[in-house]
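# Topology and contacts: notes
Read off the chains here:
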Amino acid sequence: MSTVNTSAKPAYHHGNLRAEMIRLATEMSAQTGLDSVSVREVARQAGVSSSAAYRHFSSRDELLECVRRNVLEELSERMAQELGSVAEADPRLRVRVAGRAYVAFAVEAPLLFGSMSSGFPAPEGQWDGTPLGDLSALVRDAVPEAEGGAVEARSVALWSLVHGFAILCTQGGLRELAPRRREELLEEVLALGVRGLRSDGD
C-alpha cells in the first residue's frame, strides 16, 4: 500500500481530489480503523478545505462506501494475483488458492479488512467485481454441472466459510493462533469447503 507524502502538498486539478481523498481515507482506515475516518480529517491530510472536500463527498457515509469498495477491489486484485500463478491448475485447487489469498489479505491488513466486513456490498445479482463474484466464478469452474441456484448456494457457502474464518482470525477467537497453526487449520477448512462443492452432496 502506498504511503502519504507529508513533505509537500500536491497541486490538485479538476477530478483528482476525489481519488486522492479515497486513497487517503483507505490508508487511514488501514492504520487506525474505519471509525477514525472523517471528511474533515481527510481534507486536512490532503491539504484542502472542508468545503472543497464536501464538493466531492456529500457525507461521511459516501466517503466510507468508497473506502469499502476500494478495499473490495484490493482484495479482488490480491486473489487474482495469486490465482494467476495457478491459471492452468485443477479448478478445486484454484478455489483453495483463492481462499488462502482471502485470509492472507485479512491477516496482513486486519483494520482494512474490518472496514470492508463492516459493510460488504453484495446485492443479489450484482456480484461482479466483488470477492463473492470471484468465488462464484471459481465455483462454476469447479462444479460445471451445477446450475442457477446451486451455483449461488455453493458460492455463498464458500464465501461464508472463508470470510468467517478470516473474521475469527482477525477479530475473534482465533486471532491469537500461531501463524503455522492458522495455516494448518485453514487448509483443513478449505478442504472441507472444496468437498462441499460436490453436486451429489457426498
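Keep in mind that this is a model prediction, so the values were computed, not measured. (Residues numbered from 1 in each chain as written. Predicted model: local features only at pLDDT ≥ 70, side-chain atom pairs only at ≥ 80, totals over all residues. Heavy atoms only, no water.)

### A word on the nonpolar core
Judged by nonpolar contacts, the single largest core of 55 residues is most densely connected at Val-42 and Tyr-102. Residue contributions to this core peak at nine residues, all from helix H4 (residues 60-84). Once residues within four sequence positions are removed from consideration, Val-42 is found in contact with Met-21, Leu-24, Ala-25, Met-28, Val-37 and Leu-63. (Core = buried A, V, L, I, M, F, W, Y, C linked by side-chain atoms within 4.5 Å. Buried < 20%, exposed > 50% of the residue type's maximum accessible area, 1.4 Å probe, protein only. Helix = DSSP H or I, 4+ residues; strand = E, 2+ residues; numbered from the N terminus. Contact = heavy atoms within 4.5 Å.)

### Thoughts on the pattern of salt bridges
If the charged atoms of two oppositely charged side chains come close together, the side chains can form a pair. If you walk through the whole model with that rule in mind, you get 13 salt bridges. One salt bridge in this structure joins Arg-18 and Glu-62, with 3.5 Å as the shortest N-O distance. Of the two residues, Arg-18 sits in helix H1 (residues 16-32) while Glu-62 sits in helix H4, which places them 44 residues apart along the sequence. By relative accessible area, which is 28% here, Glu-62 ends up partly exposed. Two residues, Glu-184 and Arg-180, come together in a salt bridge whose shortest N-O distance is 3.8 Å. Of this pair, Glu-184 and Arg-180 both sit in helix H9 (residues 179-195), four residues apart, which is roughly one turn of the helix. Judged by its relative accessible area of 37%, Glu-184 is partly exposed. (Salt bridge = Lys/Arg side-chain N within 4 Å of Asp/Glu carboxyl O.)

### Comments concerning the confidence of the model for the protein
Per-residue confidence for the protein gives a mean pLDDT of 85, with 85% of residues at or over 70. Counted against residues more than four places away or in other chains, residues 1-9, with its pLDDT under 50, gives 12 contacts. (pLDDT = per-residue confidence, 0-100.)

### A closer look at H9
Over its 17 residues, H9 extends 24 Å from the first C-alpha to the last, a length consistent with the 24 Å expected when each residue adds 1.5 Å. Along H9, the residues that are buried comprise Arg-182, Leu-186, Val-189, Leu-190, Ala-191, Gly-193 and Val-194. Residues of H9 that are buried sit in contact with helix H5 (91-108) and helix H8 (149-170). (Expected span 1.5 Å × (residues − 1).)

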